[in-house]
Every structure is written in C-alpha cells, then in structure tokens.
Amino acid sequence: MSLSNEQVGHVARLARIALTEAETEATRRKLDGIFGLIEQMQAVDTTGVEPMSHPQELATRLREDAVIETDRRAAFQAIAPQTEAGLYLVPKVIE
Amino acid sequence: MINASLKTLRAALDARQISSVELATLFLDRIQAANPALNAFITVDRDGALAAARAADERIAAGQAGPLTGIPLAHKDLFCTEGVLTTCGSRMLANFVSPYDAHVVAQLKAAGAVCLGKTNMDEFAMGSSNENSWYGPARNPWNTAKVPGGSSGGSAAAVAARLAPIATGTDTGGSVRQPAALTGITGIKPTYGVVSRYGMIAYASSLDQGGAFAASAEDCAPLLSAMAGFDPRDSTSLERPAEDYARLLAAPAGDKPLAGLRIGLPREFFGPGMADDVRAAVEAALAHYRALGAITVDVDLPNARLAIPAYYVIAPAEASSNLSRFDGVRYGHRAAEYGDLNDMYCKSRAEGFGEEVKRRILVGTYVLSHGYYDAYYLQAQKLRRLIAEDFRAAFAQCDLIAGPTSPTTAWGIGEKTDDPVQMYLSDIYTIAVNLAGLPGLSQPCGFGADGLPVGLQLIGDYFSEASLLNAAHRYQQATDWHLRRPEGAA
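These figures come from a predicted structure and were not determined experimentally.

Describing the overall build of chain B
- Summing up its helical and strand segments, chain B has 15 helices and eleven strands in all.
- Since a compact globule built from 490 residues should have a radius of gyration of about 23 Å, the 21 Å found for chain B is in line with a globular shape.
- Projected onto its principal axes, the C-alpha positions of chain B cover 70 × 55 × 45 Å.
- With 490 residues in all, chain B has 65% of them scored as buried.

Some thoughts on the pairing of strand S2 (residues 72-76) of chain B
Residues and elements named next belong to chain B.
- With five of its five residues buried, S2 lies for the most part within the structure.
- Sheet analysis places S2 next to strand S3 (residues 114-119), joined by five bridges and oriented parallel. Following the sheet pairing, Lys-76 is matched in S3 by Thr-119.
- Taken together, S2, helix H4 (residues 103-110) and S3 form a β-α-β motif whose crossover is right-handed.
- Here S2 runs beside strand S4 (residues 166-170); their pairing, made up of two bridges, is parallel. Note on S4: the bridge partner recorded for Ala-74 is Ala-167.

A few points about the UniProt feature "domain: Amidase" (unreviewed entry) in chain B
- On the UniProt side, "domain: Amidase" (unreviewed entry) is annotated at positions that read residues 23-469 of chain B here.
- As a span, residues 23-469 of chain B carries 36% helix and 13% strand, and end to end its C-alpha atoms are 26 Å apart.

Comments concerning the pattern of salt bridges
Residues and elements named next belong to chain B.
- If you walk through the whole model with that rule in mind, you get 22 salt bridges over all chains.
- A salt bridge links Arg-46 to Asp-29, with the shortest nitrogen-to-oxygen separation between them at 2.8 Å. Placement of the pair is Arg-46 in helix H3 (residues 46-61) and Asp-29 in helix H2 (residues 20-38), with a sequence separation of 17 residues.
- Judged by its relative accessible area of 29%, Arg-46 falls in the partly exposed class.
- For Glu-243, the salt bridge identified is with Arg-247, shortest N-O distance 2.9 Å.

Some thoughts on the UniProt feature "active site" (unreviewed entry) in chain B
Residue and element names in this part refer to chain B.
- As recorded in UniProt, the feature "active site" (unreviewed entry) lies at Lys-76, Ser-151 and Ser-175. Across 100 residues in sequence, these annotated residues keep their C-alpha atoms within 11.0 Å of one another, forming a single compact spot. Of the annotated positions named here, the second largest cavity is lined by Ser-175.
- Structurally, Ser-151 is set in the loop between S3 and helix H5 (153-160).
- Not counting chain neighbours up to four residues away, the residues in contact with Ser-151 comprise Lys-76, Asn-120, Met-121, Asp-122, Ala-125, Met-126, Gly-127, Asn-130, Thr-170 and Ser-175.
- Only 2.8 Å separates the side chain of Ser-151 from the side chain of Lys-76, close enough to count as a polar contact.
- Looking at the element boundaries, Ser-175 is found in the loop between S4 and helix H6 (177-183).
- With near-sequence residues (within four places) excluded, Ser-175 lies in contact with Lys-76, Ala-125, Gly-127, Gly-150, Ser-151, Ser-152, Thr-170 and Phe-213.
- Within the local environment of Ser-175, its side chain forms a polar contact with the backbone nitrogen of Ser-151, the two atoms lying 2.9 Å apart.

Looking at the packing of helix H7 (residues 217-227) of chain B against helix H15 (residues 465-478) of chain B
All names here are of chain B.
- Two elements in contact, H7 and H15, have axes separated by 8 Å at closest approach and are oriented at 155°. Judged by the angle between their axes, H7 and H15 are roughly antiparallel. Counted together, Ala-217, Glu-218, Cys-220, Ala-221 and Leu-224 of H7 and Glu-465, Leu-469, Ala-472, His-473 and Gln-476 of H15 form the full contact between these two elements.
- Looking at the contact of H7 with H15 residue by residue, the classes come out as six nonpolar, two polar and two charged.

Details of the interface of chain A and chain B
- With 48 residues of chain A at the interface, the matching set in chain B holds 73 residues.
- Buried area between chain A and chain B, summed over both chains or domains, comes out near 5,200 Å², and the portion from carbon and sulfur atoms is 68%.
- For the chain A face of the interface with chain B, the top three residues by lost area are Met-41, Met-52 and Arg-61 of chain A, together amounting to 14%.
- Summed over the shared surface of chain A and chain B, the result is one salt bridge.
- For Glu-82 of chain B, the salt bridge identified is with Arg-72 of chain A, shortest N-O distance 3.8 Å.

Comments concerning the sheet that holds strand S1 (residues 41-44) of chain B
Residue and element names in this part refer to chain B.
- Strand order in the open sheet made by the eleven strands is S1-S3-S2-S4-S6-S5-S10-S11-S9-S7-S8, with mixed pairing throughout. For this open sheet the edge positions go to S1 and strand S8 (295-299), each flanked by a neighbour on one side alone. Averaged over neighbouring strand pairs, the angle between their axes works out to 30° when direction is ignored.
- Looking at chain direction, strand S10 (residues 440-447) and strand S11 (residues 453-460) are connected through seven bridges and run antiparallel. Bridging across to S11, Gln-443 finds its partner in Leu-456.
- Sheet strands in contact with H4 are S2 and S4, and its direction is about 175° off that of S2.

Points about the layout of surface pockets
Residues and elements named next belong to chain B.
- In this structure, the largest pocket occupies an estimated 440 Å³ of space.
- If you go around the largest pocket, you meet 23 residues; those closest to its centre are Cys-80, Tyr-100, Gly-199, Arg-325 and Tyr-331.
- Residues that form the lining of the largest pocket fall into these classes: 14 nonpolar, four polar and five charged.

Some remarks on the packing of aromatic side chains
- Enumeration according to the criterion identifies 20 aromatic pairs over all chains in this entry.
- In this structure, Lys-416 of chain B packs its charged tip against the face of Trp-411 of chain B, placed 3.9 Å from the ring centre.

Here we look at the environment of Val-329 of chain B
- With respect to the helices and strands, Val-329 of chain B occurs in the loop between helix H9 (307-322) and helix H10 (341-352).
- Given the relative accessible area of 9%, Val-329 of chain B is considered buried.
- Distance from Val-329 of chain B to Glu-283 of chain B, taken between C-alpha atoms, is 53 Å for residues 46 residues apart in sequence.
- Once residues within four sequence positions are removed from consideration, Val-329 of chain B is found in contact with Ala-80, Pro-81, Tyr-88 and Val-90 of chain A together with Arg-334, Met-344 and Tyr-345 of chain B.

Things to note about helix H12 (residues 374-394) of chain B
- With 21 residues, H12 of chain B ought to run about 30 Å at 1.5 Å a step, and its terminal C-alpha atoms sit 29 Å apart, in line with that.
- Within H12 of chain B, 15 of the 21 residues are buried, leaving the element largely enclosed by the surrounding structure.

Parameters at a glance
Residues numbered from 1 in each chain as written. Chains lettered and ligands numbered in written order. Predicted model: local features only at pLDDT ≥ 70, side-chain atom pairs only at ≥ 80, totals over all residues. Heavy atoms only, no water. Helix = DSSP H or I, 4+ residues; strand = E, 2+ residues; numbered from the N terminus. Rg over C-alpha atoms; globule rule 2.2 N^0.38 Å. Buried < 20%, exposed > 50% of the residue type's maximum accessible area, 1.4 Å probe, protein only. Pairing = 2+ DSSP bridges. Right-handed = clockwise from strand over helix to strand, strands pointing away. UniProt positions renumbered as here; feature names shortened; annotations may be inferred. Salt bridge = Lys/Arg side-chain N within 4 Å of Asp/Glu carboxyl O. 1 Å grid on protein atoms, 1.4 Å probe; cavity = no way out; pocket = protein on both sides within 12 Å on 5 of 7 lines; lining within 4 Å. Contact = heavy atoms within 4.5 Å. Polar contact = N/O pair within 3.5 Å; in protein donor to acceptor, adjacent residues only side chain to side chain. Axes fitted to C-alpha atoms, helices over the stretch in contact; angles between N-to-C directions. Parallel < 35°, antiparallel > 145°, perpendicular 65-115°, else oblique. Nonpolar A, V, L, I, M, F, W, Y, C, P; charged D, E, K, R; others polar. Buried area = accessible area lost by both parts, 1.4 Å probe. Points joined across faces, edges and corners; volume = space filled by probe spheres on them. Phe/Tyr/Trp six-rings, centres within 6.5 Å; stacked < 30°, edge-to-face > 60°. Lys NZ or Arg CZ within 6 Å of the ring centre and 35° of its normal. Expected span 1.5 Å × (residues − 1).

Dropping the structure here:
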C-alpha cells in the first residue's frame, strides 16, 4: 500500500497535527514503510476468529454512586496554559 | 552500599549502620556525578528525596519499617508525581508538575521508599532505544555510544550504573524487558491488570503495564509486591488478593532447585534473526537451567511472527485516542501563536509531540478512520486472539517459556533512528507477551561479542510472577551475571 500526500494531510487534519509540505512528504515515506509492515496481517485468514480487545475479558465494574474526590479545581487549573475565574480560556468559538 | 542487594541494605538500615538520609545522599551524589554522561534522569529531586529519607529514618527508629522503608528508587517519568515535574519524555509536558500521584507512586511512598528522581524515556513510551526523548537519549552504562534500550531506558541505565538500587518502568511492547536485557539487569512485567495504571500516562491502554527493575530477581520481588494490588480507579485493575512475590525465594536451593520445571522453547524464537552471540549466551543459560533440574521442550507459537504488525495497529490506534487529550487547553504545551481554536490544537500538538509520536498518532488515526477499521483494527484484534491462543496451547506443554529478550545486544546511538521499521523489529520477542497480557521477565545471561549484556526472557502463564521470579532467582543463585557491573559502578 502506498499513501498519497493528500491522504497524509487528511489524516493529519483529523489528528489535529499541523504538518508543513516538507513534513508531509517525509512523513508519507516513513508511513509507507510502516504500512508495508502492517500489511503482513492481510495474508492471514481470520474468518470466524473472535476479535480480542483486551487481555482480561472483564465486565465493567460498577461502584457506589458516591462522591470519592474532593474539589481540587485550583490545583488542576494552576497547570493550565490560560484560565480565568475558574474557566479554561481558548480562542473564541462562537461569534 | 552502592552494589548491595536490598537484603543487605535492609539489614544495614535496620541495624543503623547507615541512615536512609546517608543512603539517599550516596545515590544522589552518584547521580550528580554520572548523569551528565548517562542522561538517565530527567529530574533529580534531592530535596524531596532527603525529606522522604528523614521520614523513613523516623519510621525505622520507631520499629515500623517495611521491606522498602528507606530504600532509594527512581520512577520512570511517566508516573505522575505530585509536585514534581512529570514530562513523559515529551516537550508536550515539559512544564507539567503533576497535581497528583500515580497509584504506584503513592504505594511506594506509603511503603517508605525514597524517590531520587524521574528517569529518561522515549517520548510517551514510544520507542525501543530511548532516542525519542525530547531530553536527549539516555546512554548505556556499558558503552555510552550505545543505546540503553527503551522505552524505560533511563530506569534501566540508572539501575545498571547503580545510580539507584531499584526503579519502576512500564512495558507496552517490551519496554521493561528489552532495556533490562540491553543494560544487563533484571526486569519484570507482570500480568496485565496486576499494577494499576492510575496516574501512569497512557500510551496503549490495553497493553500498558507497570513493571520493576533491579539487579536481581530477588530485588525485583519486593518492588513488584509494593507496586501491585487492586485499585478501583483503574477500570482494568484486577480484584485479586495481594501477593508476596518473594514468597518462593527463601526455600533452600539444593542441587536441583528447578527439578521437574518444564521450560518451553518456541521454535519461532530460535530461528534466523537472532544474532550468533545472543544465541550462544541464551543456549548456555538454558543448559544451566537444565543443570538446575529443568527440562526443556520444544513448543510452537505459529502466530508470533504477526505480533509486530498487529501491535503496530493496536498500539497506535489506542495512542491516537489517548493522546487526543493533549490539546493545549488543560495542561501541557500551548503554541505561542495561533489563530482559531482548531489552529491552536494543530500547532500546539505539532510543536509538543516529537516525530515518532506524531507518526504513531497518524497511523492510529488512519487505521481507525472510516472504511479502514475492519481491514486493520479488527484484523489486528483477531490476530491478537490467535497469538494469545498460541500461548495457551504452549502452556499445556510447559510451565514457562524461555528465549532471547532481544535479537541483538545494544546498538549504536543513531544507528536505527532513520528507519522506524528496523527499530520496531527489535521488539520481535517481547511484543506477543503484551498482546496476550502475560507476565514476562528478562535477566542477564552473559555478554555478546562486543562486551555488551545479553538478556534471557522468561514468559509465564497468567499470574505466575512468583514462579518466574523464583526460576530467575535459582539461576542467579548459581551464576553471577547479575552481579557484573559496568565500569564506574563496581
């Protein structure tokens, strides 16, 4: 399989990673190598095999609906790039 | 004291031959002297270590010491440590002072262990050589032109150079076992679910598992015992009673301590691809295991060759989802200049993540994208099942599986950085274990032609950690590979 630069650009947009044109080309070449490795999977007939998503096939554990954490907003916001009045600041999204 | 076993350190602390403060100072001074050459630590926490050591000394004086009270250790820099920088080897978290402790960190604090600092690693644990660290590569203490392995390369280098007697790591595709092998120490990754992932910065959640590094299996055991245990904050933490992983080690050795132990040798792990010097050391170790009473039997893991391709779908897929949290909003890097919100995300992530992390996010995004899911992600999960079933069948014929940990000894820094696929193939013997969720261990078993350490991998059935450590310990009672030290650490 060979990816196009357009495909790489599309995936990068989906992943929210800015790539320059030069980076797109360099990335495409490395991804081609990686997908060459991954393609080995396609030679195996896995008809009827149940996919395994997890090593321990556990049911999701339930817990009491009780408060277990204390309010640590100040500590958690102290490490944020930009906050004000308890809110995280980002560029305006609604005009 | 630098080379002492935990048993010796415990006795010295309890007899007040040395205080925990003195012991911590000894190791902190070694770190200060050796770290410029090794780059094993990203952060050294002298003040925190000395405060913890003073508290440990009080506990020892009060007669309340546990196995690890006053023992210095290092944490891989992906375990969150409250009030201490936690970078995960990334520029993205270069300013992240964690507001909370990982479960593992809290457990070790409660045990009275003294954290010296945070060790270097491949960014977000993605790598096999420690060269993907934003903070520069950690170096192999046996030869500083060589890699220490990865991703927990800093922890392994620190223990190998005796900058810390024990250290934590994590293993998603071999990141404890492979660096242990390449630096000549012992490292164990337990069964998936044994060590809580709470506060362990996520890479691939269905594979990530905390593990322990020490010179010997005997020293790994108490560290693993302290790290393990049920934690309701990790939805995949297993509700099992606490275990003492050292419980089998005290039995008298005798002539044939491993009498009757059936060791399976997967044909697939002994084919072409393994370097001659690694093969020679591994074969010699197996002969030694037989001399200790073990029986070796051939087994098959026919789908093991598919472990690398399956892993490089599953792990990037999980990573692309896990790493979406790094958006420059709540913590971590935010670009200095940006336009709208989307531009802020794209630039912050482009600047914050290194090349390999970006590549894996892109691979993961692609394989999960519309129209490709069945061909990649679902197919990889089906292969994962086949690989796990191979192990199940093999364990019907043997008690544990042995083979090489890594196909070669440590390679040169820069040797494989241009070719991600060559780097990926270096984990050929370790990855299947993570896909199945089994416990695995690496222990030193000799040296290669270049004078660099070779590791023997032992793989056990689910929850067989105590038996794995016991087998490794019996070998270490009869050999001295685990006592060999690089220059400067003797």
